[in-house]
Amino acid sequence: MYRKPNQNEVKAIFQNSDELFTTTDFEDSGFVFAPFDLKNNAVLIKSDRIESVSYKSSNGKKASIGLEPTGTAKANYLDLVQKGLNAIAKGGIQKVVLSRKIEVNHQVSAERIITRILDAYPSAFCYLFFHPRVGFWCGASPETFLHVEKNRLKTMSLAGTLPYQPDAEPRWGEKELEEQAIVTRFITDRLSKEAEALDIKDLKSVKAGLLWHLKTEIWATLSSNASLKNSIGLLHPTPAVCGLPVELSKEFILEHEGYNRKYYTGFLGELGMGESNVTALYVNLRCMELTQSGASVFVGGGITADSIPENEWEEIQNKSKTMLSLL
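Predicted model only: the values in this text are computed from it and were never measured. (Residues numbered from 1 in each chain as written. Predicted model: local features only at pLDDT ≥ 70, side-chain atom pairs only at ≥ 80, totals over all residues. Heavy atoms only, no water.)

### Quick look at the nonpolar core
Side chains of a nonpolar character, in soluble globular proteins, are inclined to be buried together. Of all hydrophobic cores here, the largest spans 93 residues; its most connected members are Phe33, Tyr127, Phe129, Trp137 and Met288. For this core, the element with the most residues is helix α1 (residues 71-90), which contributes seven residues. Setting aside residues up to four positions removed in sequence, Tyr127 forms contacts with Met1, Tyr2, Phe33, Ile114, Trp137, Cys138, Gly139, Leu268, Asn284 and Cys287. (Core = buried A, V, L, I, M, F, W, Y, C linked by side-chain atoms within 4.5 Å. Buried < 20%, exposed > 50% of the residue type's maximum accessible area, 1.4 Å probe, protein only. Helix = DSSP H or I, 4+ residues; strand = E, 2+ residues; numbered from the N terminus. Contact = heavy atoms within 4.5 Å.)

If you want it as structure tokens, here you go:
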């Protein structure tokens, strides 16, 4: 079940069996749910039945956050960030995105949570996903991964984070601006392999929940021999969720992060759907996995040579409020 950004229509896609389908070439039609570590294991929900309903957000107030991290949580994350800084200092890695998983006990139903998500984040891609062999996931992603219709592709670079302050514009520092520039350069360099022309829009500050981000929209006119599989392979995972160079950063994450991200920082959305065969995919950020006893909330931040561990901890604490406020 999902709603695209700034729309009122909520769609639900149902598959008639509990079989676990995957897609490898992304030429199928349905709803795709892909992990961070993509190894031909992107889950596909086949669109055997599609329902839709108009839903108007009630603009309900978000709950205040009173959750304190466990005694070792901060120390563990600061240690992880320091390892990242050490790897950057040695050369090779320019940026690495490091995350943590927060376990929360709660009694809020999945139905109540998705309603709260729809109400709280009208400008995000809001979703609730279930497959009996994958589990329940939900989220409110602020980031488009790929939107493809015919030979036109749209994506974005989204990086840099500051807490939202009412009646105040964000004041970006060199770290955030460089982090954003790194992601934009990566995407345009990679897309140039598939595109006949690129159109890079102006840098903007955008609000997502309780946070500000820097965003650059990038449009591409795809060449005749381009394929969705190639485009996904070139861009996933982006430096915004992994680091740069991507391969080295990904190796560092898998070795040092200390837990399995699963579908956090993967991508999800419509695959080849509708009369015009549209693909609309979003990065799985601001998400959580719902479990028998509660939820696992995922949150991370980009580490560069200029990062200060204490500041990085504060940033992910601010980011965690997006999902924790729903519980």
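### Comments concerning the side chain of His106
Checked against the element boundaries, His106 lands in the loop between β7 (95-105) and α2 (110-120). A polar side-chain atom of His106 sits 2.9 Å from the main-chain amide nitrogen of Val108. A distance of 3.3 Å separates a polar side-chain atom of His106 from the backbone oxygen of Gly294. (Polar contact = N/O pair within 3.5 Å; in protein donor to acceptor, adjacent residues only side chain to side chain.)

### So, the packing of aromatic side chains
With the rule as written, the count across this model stands at 18 aromatic pairs. Residues Tyr264 and Phe298 carry aromatic rings whose centres are separated by 5.4 Å and whose planes lie at 15° to one another, so their mutual orientation is stacked. In this pair, Tyr264 sits in the loop between α5 (246-256) and β16 (267-273) while Phe298 sits in strand β19 (residues 294-304), placing the two residues 34 residues apart along the sequence. Tyr264 gets classed as buried once you look at its relative accessible area, which sits at 4%. A connected cluster of aromatic rings, assembled from ring pairs, spans Tyr2, Phe31, Phe33, Phe125, Tyr127, Phe129, Trp137, Tyr259, Tyr263, Tyr264, Tyr282 and Phe298. Across the ring face of Phe21, the terminal group of Lys46 is positioned such that the distance to the ring centre comes to 4.2 Å. The aromatic ring of Phe14 is capped on one face by Arg49, whose charged end is 4.3 Å from the ring centroid. (Phe/Tyr/Trp six-rings, centres within 6.5 Å; stacked < 30°, edge-to-face > 60°. Lys NZ or Arg CZ within 6 Å of the ring centre and 35° of its normal.)

### Let's talk about the pairing of strand β14 (residues 211-222)
When a strand is regular, its side chains alternate between the sheet's two faces. β14 sits mainly inside the fold: ten of its twelve residues count as buried. Of the strand pairs in this sheet, strand β11 (residues 152-163) and β14 are connected by eleven bridges, and their pairing is antiparallel. Bridge assignment links Arg152 to a residue of β14, and that residue is Thr221. Where strand β13 (residues 204-208) and β14 come together, five bridges link them in antiparallel fashion. Bridging from a neighbouring strand, Val206 pairs with His213 of β14. (Pairing = 2+ DSSP bridges.)

### Comments concerning unusual backbone geometry
Looking along the chain, the bond that leaves His236 and enters Pro237 is cis, with omega of -10°. Relative to the helices and strands, Pro237 is located in the loop between α4 (228-235) and β15 (243-244). A cis amide bond links Leu244 to the next residue, Pro245, at an omega of -10°. You can see Pro245 is positioned in the loop between β15 and α5. The residue Lys262 is not glycine, and still its phi comes out positive at about 55°. Inspection of the secondary structure puts Lys262 in the loop between α5 and β16. Assessed through its relative accessible area of 35%, Lys262 is described here as partly exposed. Although it is not a glycine, Thr265 sits at a positive phi angle of roughly 65°. Counting through the fold element by element, Thr265 comes out in the loop between α5 and β16.

### Examining the environment of Asp48
Mapped onto the secondary structure, Asp48 falls in the loop between β5 (42-46) and β6 (49-54). According to the relative accessible area criterion, Asp48 is partly exposed, its value standing at 43%. Along the chain, Asp48 and Asn6 lie 42 residues apart, while their C-alpha atoms are 26 Å from each other. Discounting residues that sit within four places of it in the chain, Asp48 has contacts with Phe14, Gln15 and Asn16.

### Details of α5
Inspection of α5 places Val246, Ser249, Lys250, Phe252 and Ile253 among the buried residues, and these make up the whole buried set. Around the axis of α5, the buried residues are gathered within 160° of arc, so they sit on the same side. Of the exposed residues in α5, those oriented more than 90 degrees away from the buried face are Glu251, Leu254 and Glu255. Just beyond α5, the residue with positive phi is Gly258, at close to 90°. (Arc of directions from axis to C-beta.)

Worth remembering: the numbers are spatial, not functional.
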